[in-house]
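# An overview of the molecular structure
The chain contents come next:
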Amino acid sequence: MPKPLTITTAISYPNGRPHIGHAYEAIATDAIARAARMSGRDVFFQTGTDEHGLKVAQTARTKGITPNAFVDEMSSYFKEMDDILNISYDRFIRTSEPAHHAASQAIWEAMAANGDLYLDRYEGWYSVRDEAYYDESELSEGADGAKLSPQGTPVEWTIEESWFFRLSAYQQKLLDLYEKQPDFIQPESRRNEILRFVEGGLRDLSVSRTSFDWGVKVPGSPDHVMYVWVDALTNYLTGCGYPSDPERLERYWSEGGDIVHIIGKDIVRFHTVYWPAFLMSAKLPLPRTVFGHGFLLNRGEKMSKSLGNVADPKDLAETFGVDPLRYFLLAEVSFGNDGSYSAEAIVHKTNTELGNAFGNLAQRTLSFIAKNLEGRLPVPAPFPEDEALLATVHEATTCAVPQAFASLAPQDAIQAWLRAAYACNAYIDAQAPWALRKTDPARMEAVLATLYVAIADLAIAISPVIPASAGSLLDHMGIPAEVRSYGALGTDWYTDLHSRGFVVEAPKPLFPRLEMPVEAQAE
Ligand code: MSP
């Protein structure tokens, strides 16, 4: 039995509405989680909202409501986005939950027991927007002379009594970890960045605040709340049963377990420096991989409220459809790099790849069967060409596609799938079943039977990316639920379906042709 997989997105700050960057991360992680389930793995997939910290407290204050009321409302928009986008999370965690407070206090106590926490005074730069402390040397100067963080956000000089975490003691241990576990930070470019950062030396980290109280209380220090990243990172453990459910913890967060965090490139330092150091200190197992994906840009430009180019995923899903949006984001962007989206690019990719290469293939084949055989499934009699096509499709759908997902490369999975779909298109054109109808009806049936199997395999293989459309095609084709996994692809189901006298109806188009939305045409 393969090991269980624990896979997570970052948890989002609910101080604004979700944008397409959040959607992208959720969709990519969802596709990888679905593919793992289809490979027969026990998967725990968690996402959620990161509700504490100064930024949330300040935003709530400017709105004149309590932080609690504010996050209750805002978190619901993230959950709604996930539900609209068909994100198959097993748990949507909110860090304001009591179970999460208990887990954060438990990891704090474990770090304290290891001698890694001490009380001192913090004096330095803090960015409320990033919820991060920065070194003077990391700052740059903005146009108005104000100091800016490496993310370009304003920083303020902060002086407070604070608990500190002895991060400096973990420099060598972290370097050893990166060496021993080269996959710990992916992709390679991010790994190099972090190596340089840690090699440069680590300072102890301020891990509590006294100037506001919206957070998890520090055990034994009622005036302090934990620095939001201590509690935020701990969300991953809370979902795995820490500290109260050792059985669950053993299953989803154990030594040598397969634990994967999918996050954006801006927060790799928190996940690959602070997080493993906290875990080592608390004597808890470490994740296998932290993958820092790239940023999504609007027509090549950074999204920002001031530019007015922040796309709402709900609107995009409504305009283009959930599955076209999911497909576009994963097919377009090489996972790990930045990528760009635009209405034209979504329309073009959906029409050419989902519509022409796959949708039409299914449409042509099934309508032809419905019309010429009255929906009766054709009788197979494989020729070498049929065997060759099925071998190509089979290799892609049972090996290349699931392997690419398992290596966190959804774009490669789609490429492998698309190549197999093109092979089917070439096959249908070469075999020309419409011409065989008069000259060789038995051969026509064999060709159609081959295509039926190939289309079902393709639909199963791509379902992590377009679950709803693939599912409805498979329902239409009568493919039983047990066959819809990477391990079960084969042809026995066809024989069963055939002998049961299954009748396929003429299908409705799977991916109706998208037109450019009017607003986008005007741009
Ligand atoms: N709350 C922290 C994460 C804590 S994880 C223990 C946070 N939240 S966030 O709302 O700012 O970002 C959530 C995720 O969305 C992060 O992984 C971030 O990198 C990602 N993205 C934010 N903007 C993005 C794009 N424009 N494109 C792609 N992903 C982006 O950071």
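See above for the structure.
Residues numbered from 1 in each chain as written. Predicted model: local features only at pLDDT ≥ 70, side-chain atom pairs only at ≥ 80, totals over all residues. Heavy atoms only, no water.

### What about the overall build of the protein?
Each helix and strand counted, the protein has 19 helices and 17 strands in total. Computed over the C-alpha atoms, the radius of gyration of the protein is 26 Å, within 12% of the 24 Å expected from 2.2 N^0.38 for a compact globule of 523 residues. If one aligns the C-alpha atoms of the protein with their principal axes, the spans along those axes are about 90 × 55 × 40 Å. Split into buried and exposed, the 523 residues of the protein put 57% on the buried side. In the structure as shown, the protein presents an accessible area of about 21,600 Å², 52% of it carried by carbon and sulfur atoms. (Helix = DSSP H or I, 4+ residues; strand = E, 2+ residues; numbered from the N terminus. Rg over C-alpha atoms; globule rule 2.2 N^0.38 Å. Buried < 20%, exposed > 50% of the residue type's maximum accessible area, 1.4 Å probe, protein only. Areas by Shrake-Rupley, 256 points an atom, 1.4 Å probe, with all protein chains shown as cover.)

### Comments concerning the packing of helix α11 (residues 322-332) against helix α14 (residues 410-431)
Running from amino to carboxyl end, α11 crosses α14 at an angle of 105°, the nearest separation of the two axes being 7 Å. Looking at the two axes, α11 sits roughly perpendicular to α14. The segment α11 lies against α14, with Tyr 327, Leu 330, Ala 331 and Glu 332 engaging Pro 410, Gln 411, Ile 414, Trp 417 and Leu 418. Among the residues making up the contact of α11 with α14, the classes are represented as seven nonpolar, one polar and one charged. (Axes fitted to C-alpha atoms, helices over the stretch in contact; angles between N-to-C directions. Parallel < 35°, antiparallel > 145°, perpendicular 65-115°, else oblique. Contact = heavy atoms within 4.5 Å. Nonpolar A, V, L, I, M, F, W, Y, C, P; charged D, E, K, R; others polar.)

### Some details on the site of the ligand
As a matter of local geometry, the ligand sits amid 24 residues, with Ile 11, Glu 25, Asp 50, Gly 264 and Asp 266 nearest to it. The backbone of Ile 11 places a nitrogen or oxygen atom 2.8 Å from a nitrogen atom of the ligand. Protein coverage of the free-state accessible area of the ligand, which is 660 Å², stands at 93%. At five residues, helix α7 (residues 228-239) tops the list of elements feeding residues into the shell around the ligand. Considered class by class, the residues forming the shell around the ligand number twelve nonpolar, nine polar and three charged. (Near = heavy atom within 4 Å. Polar contact = N/O pair within 3.5 Å; in protein donor to acceptor, adjacent residues only side chain to side chain.)

### Looking at the pattern of salt bridges
If you walk through the whole model with that rule in mind, you get 24 salt bridges. The partner of Arg 34 in a salt bridge is Asp 30, and the shortest N-O contact between them spans 2.8 Å. Of this pair, Arg 34 and Asp 30 both sit in helix α1 (residues 20-38), four residues apart, which is roughly one turn of the helix. The salt bridge involving Asp 135 is made with Arg 203; its shortest N-O contact spans 3.2 Å. Here the residue Asp 135 occupies a position in the loop between β5 (132-134) and β6 (140-141), and Arg 203 occupies one in the loop between α6 (188-199) and β10 (205-206), the gap between them amounting to 68 residues. Overlapping salt bridges bring together Asp 30, Arg 34 and Arg 326 as one network. (Salt bridge = Lys/Arg side-chain N within 4 Å of Asp/Glu carboxyl O.)

### Description of the nonpolar core
Counting residues in hydrophobic clusters, the biggest one holds 103 residues, and the most contacted among them are Ile 20, Trp 417, Tyr 452 and Ile 479. At 15 residues, the largest contribution of residues to this core is made by helix α16 (residues 441-462). If you look at the next biggest cluster of nonpolar residues, it comprises 80 residues, including Tyr 13, Tyr 170, Ile 185 and Leu 195. (Core = buried A, V, L, I, M, F, W, Y, C linked by side-chain atoms within 4.5 Å.)

### Focus on helix α5 (residues 171-180)
When we look at burial in α5, the residues that qualify are Leu 174, Leu 175, Leu 177 and Tyr 178. For α5, the angular spread of the buried residues around the axis is 155°, confining them to a single face. Residues of α5 that are exposed and angled more than 90 degrees away from the buried face: Glu 179 and Lys 180. Where α5 is buried, its residues meet β9 (185-186), α6 and α9 (268-281). (Arc of directions from axis to C-beta.)

### Let's talk about helix α3 (residues 67-84)
Side chains that are three or four residues apart share a direction in an α-helix, a result of its 3.6 residues per turn. With 18 residues, α3 extends 26 Å from end C-alpha to end C-alpha; this agrees with the ideal 26 Å at 1.5 Å per step. All of the buried residues in α3 are Phe 70, Val 71, Met 74, Ser 75, Tyr 77, Phe 78, Met 81 and Asp 82. Viewed along the axis of α3, the buried residues span an arc of 145°, placing them on a single side of the element. Along its buried surface, α3 packs onto β1 (5-12), α1, β2 (43-49), α2 (54-63), β3 (91-94) and α10 (313-320). Directly after α3, the chain includes Asn 86, whose backbone phi takes a positive value near 65°. (Expected span 1.5 Å × (residues − 1).)

### Overview of the pairing of strand β14 (residues 258-264)
When you tally the buried positions in β14, you get seven out of seven residues, the bulk of the element. Burial of β14 is two-sided: the residues Asp 258, Val 260, Ile 262 and Gly 264 facing one way and the residues Ile 259, His 261 and Ile 263 facing the other way are all buried. Two strands pair when backbone bridges link them, and β1 and β14 are joined in this way by four bridges, in the parallel orientation. Paired with Ile 7 across the strands is Val 260, a residue of β14. The pairing of β14 with strand β15 (residues 289-293) spans five bridges and is parallel. Its bridge partner being in β15, His 261 is matched across the sheet by Val 290. Read as a crossover between parallel neighbours, the route from β14 over α9 to β15 is right-handed. (Pairing = 2+ DSSP bridges. Right-handed = clockwise from strand over helix to strand, strands pointing away.)

### What about a positive patch on the surface?
On the surface, Lys 63, Arg 129, Lys 302 and Lys 305 cluster together to form a positively charged patch. Among the secondary structure elements, Lys 63 is positioned in helix α2. (Patch = residues over 30% accessible without salt bridge, like charges linked within 9 Å, V, L, I, M, F, W, Y side chains within 5 Å. Lys, Arg positive; Asp, Glu negative; His and termini not counted. Charge placed at Lys NZ, Arg CZ, Asp CG, Glu CD.)

### Section: the packing of α5 against α6
Contact pair α5 / α6: the axes reach a minimum separation of 10 Å and the direction vectors enclose 155°. Of the possible angle classes, the one that applies to α5 and α6 is roughly antiparallel. Relative to α6, the crossing made by α5 is left-handed. Here Gln 171, Leu 174, Leu 175, Tyr 178 and Glu 179 of α5 come into contact with α6, specifically with Arg 191, Ile 194, Leu 195, Val 198 and Glu 199. (Left-handed = near helix turned anticlockwise from the far one by under 90°.)

### Examining the sheet that holds β1
Across the sheet, six strands lie side by side as β3-β2-β1-β14-β15-β9; this open sheet has parallel pairing. Looking at the sheet topology across the chains shown, the edges are occupied by β3 and β9. Contacts between α3 and the sheet are confined to β1, β2 and β3, with β3 contributing the most and set at about 160° to the helix.

### A closer look at the sheet that holds strand β13 (residues 221-226)
Reading across from one edge, β11-β13-β12 is the order of the three strands in this open sheet, with antiparallel pairing throughout. Taken across any chain shown, the strands that pair with only one partner, and hence form the sheet edges, are β11 (208-209) and β12 (217-218). Bridge count between β12 and β13: two bridges; the pairing is antiparallel. By the bridge assignment for β13, Lys 217 is matched with Val 225.

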